[in-house]
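Remarks on the overall topology
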Amino acid sequence: MRLLTVVLPTYNESKNIPILIERLTKVLAKIDYEILVVDDNSPDKTYEVVDQIGSKNSRVRCIRRIHERGLSSAVMTGMASSSAKFYAVMDADLQHDEAILPGLLKAVNEEGFDLAVGSRAAEDGSFGEFSRLRRFISWTATMLAKMLLPVNVKDPMSGYFMVSREIFQQAEEKINPLGFKILLEFLGRVPGLKVKEVGYTFRNRVHGETKLSGSVIRNYIVALMDLRFGHLVSPIFVLYCLVGASGIIVYIVTVAIGDSLGMPLIRDVWPAPFNALPSSWLLGFGLSVTNNYVWNNYITFHERRHKSLALLAGFATFFLISLIGLLIQTSVSYLLAATGLFATHAGSGINRAIGITVAVITNYYLNLNFTWRKTRR
Ligand SMILES: Nc1nc2c(ncn2[C@@H]2O[C@H](COP(=O)(O)OP(=O)(O)O)[C@@H](O)[C@H]2O)c(=O)[nH]1
Ligand SMILES: [Mg+2]
């Protein structure tokens with residue numbers, strides 16, 4: 001059985017990968033290793049560069065994935081297709097210092113640790129010339145991870161680590177492959193891991209560019225919520241509720257401003273009994289629905305978001321469903337009031353709260369199945 005497989009996920013790293021393979025060849029010279037690149041069909045044809053090297057060097061192998069995309073799932077694919085005793089995971093962009101690989105191996109192979117992390121925050125480690133913004137994002141993400149998960153690791157956001165095949169097999173079925181931070185998945189899903197951190201200095205990227213983006217941050221938060229609360233409630237539903245709460249604030253503020261400006265009732269325009277409604281309510285409803293649509297489209301249902309013209313059709317559906325929700329909410333509150341179960345007034349706190357809860361849940365499923373219906377790609 002081979003001792004070590006170095007899994008290198010790549011997306012547009014054609015310039016970096018030959019340099020990294022050369023460096024790894026030097027550092028690992030005394031070890032029985034294999035280099036396994038998992039490339040997601042990079043437009044810059046990273047896979048061709050690797051195949052070229054592999055044709056002369058039997059330690060180098062490439063998996064080219066056509067129908068899948070994503071960092072964590074690429075790492076899982078790499079691990080699953082090798083039967084080495086240990087797996088190393090590192091970025092292919094030369095930001096991770098290969099010099100500590102023997103130290104990581106020693107930790108899991110000789111010192112009895114389950115997992116070894118290349119750490120920027122441990123002794124001898126440093127974030128190098130991380131920009132202020134990246135430092136802030138990384139700091140926030142680390143704080144969130146520490147708050148939500150029982151991890152006692154100084155650099156849980158690291159993408160550089162080594163783990164045994166045994167631990168991988170324990171984690172394999174539990175891991176959410178949609179995330180960007182695969183180390184967190186290991187730390188969060190396998191309880192009681194013995195972890196060692198080995199410091200290194202993070203280097204700047206020279207070739208290619210980072211894939212960190214708004215959607216990566218969104219996916220990170222979803223993955224973290226899934227790790228912590230996934231067994232109780234879907235993170236997507238939580239985001240949906242948070243967006244709904246922001247809509248309530250938009251509504252309240254709009255109505256307050258509208259009323260203070262003396263916006264009139266909608267007399268003459270609408271038939272009774274609606275003509276007694278203040279027009280600020282209507283404006284508040286419209287703005288809060290718009291607010292909710294935009295946030296839900298870009299954050300909650302990010303993977304299924306509408307673009308360009310489809311945005312309008314999506315909005316129309318969402319608006320209609322919001323009206324249905326309003327109807328459900330008021331009907332439930334009135335029905336409850338009629339039964340007199342909790343209170344005899346529809347506007348009382350408890351009747352209202354139940355009405356809202358029922359409407360939120362039915363609307364969530366309606367939106368999931370209509371506004372943001374899963375389409376085949
Ligand atoms: N296979 C695969 N690799 C990816 C994907 N996204 C990023 N990578 C690789 O993962 C590593 C880390 O990505 P990078 O963009 O440098 O993230 P950063 O270090 O946080 O800026 C690099 O080797 C990337 O080429 C992906 O969707 N699929
Ligand atoms: Mg990088």
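This part covers the site of ligand 1. Around ligand 1, the surrounding shell holds 19 residues, and the nearest of these are P9, A74, A92, T210 and K211. Among the secondary structure elements, those contributing two or more residues to the shell around ligand 1 are strand 1 (4–10), strand 2 (33–39) and helix 3 (71–80). When grouped by side-chain class, the residues that make up the shell around ligand 1 number seven nonpolar, five polar and seven charged.

What follows concerns the domain arrangement of the protein chain. Under the domain assignment, the protein chain is made up of domain 1 (4–229) and domain 2 (235–371). Spacing between the C-alpha centres of domain 1 and domain 2 amounts to 44 Å. Each side of the interface is counted separately: domain 1 has five residues, and domain 2 has four residues. Residues belonging to the side of domain 1 that touches domain 2 are distributed by class as follows: two nonpolar, one polar and two charged.

What follows is about helix 1 (residues 17–27). Regarding helix 1, the residues found buried are I17, L20, I21 and L24. All buried residues of helix 1 fall inside an arc of 100 degrees around its axis, so they share one side. For helix 1, the exposed residues lying more than 90 degrees away from the buried face are E22 and K26. Summarising the contacts, the buried residues of helix 1 are in contact with strand 1, strand 2, helix 2 (46–54) and strand 3 (60–64).

Reading across from one edge, 3-2-1-4-6-5-7 is the order of the seven strands in this open sheet, with mixed pairing throughout. Two strands in the sheet have a free side with no partner beyond their single neighbour: strand 3 and strand 7 (195–199). Geometrically, the sheet is characterised by an average inter-axis angle of 20 degrees between neighbouring strands, direction not taken into account. Note that strand 5 (residues 115–119) and strand 7 share five bridges and pair parallel. Within strand 7, the residue paired with G118 across the bridge is V198. Sitting on the sheet, helix 1 touches strand 1, strand 2 and strand 3, and the angle it makes with strand 2 is about 165 degrees.

The rules we used
- Residues numbered from 1 in each chain as written.
- Chains lettered and ligands numbered in written order.
- Predicted model: local features only at pLDDT ≥ 70, side-chain atom pairs only at ≥ 80, totals over all residues.
- Near = placed C-beta within 6 Å.
- Helix = DSSP H or I, 4+ residues; strand = E, 2+ residues; numbered from the N terminus.
- Nonpolar A, V, L, I, M, F, W, Y, C, P; charged D, E, K, R; others polar.
- Domains from an automatic or database assignment.
- Contact = placed C-beta atoms within 7 Å.
- Buried ≥ 20, exposed ≤ 12 C-beta atoms within 10 Å, placed from the backbone.
- Arc of directions from axis to C-beta.
- Pairing = 2+ DSSP bridges.
- Axes fitted to C-alpha atoms, helices over the stretch in contact; angles between N-to-C directions.

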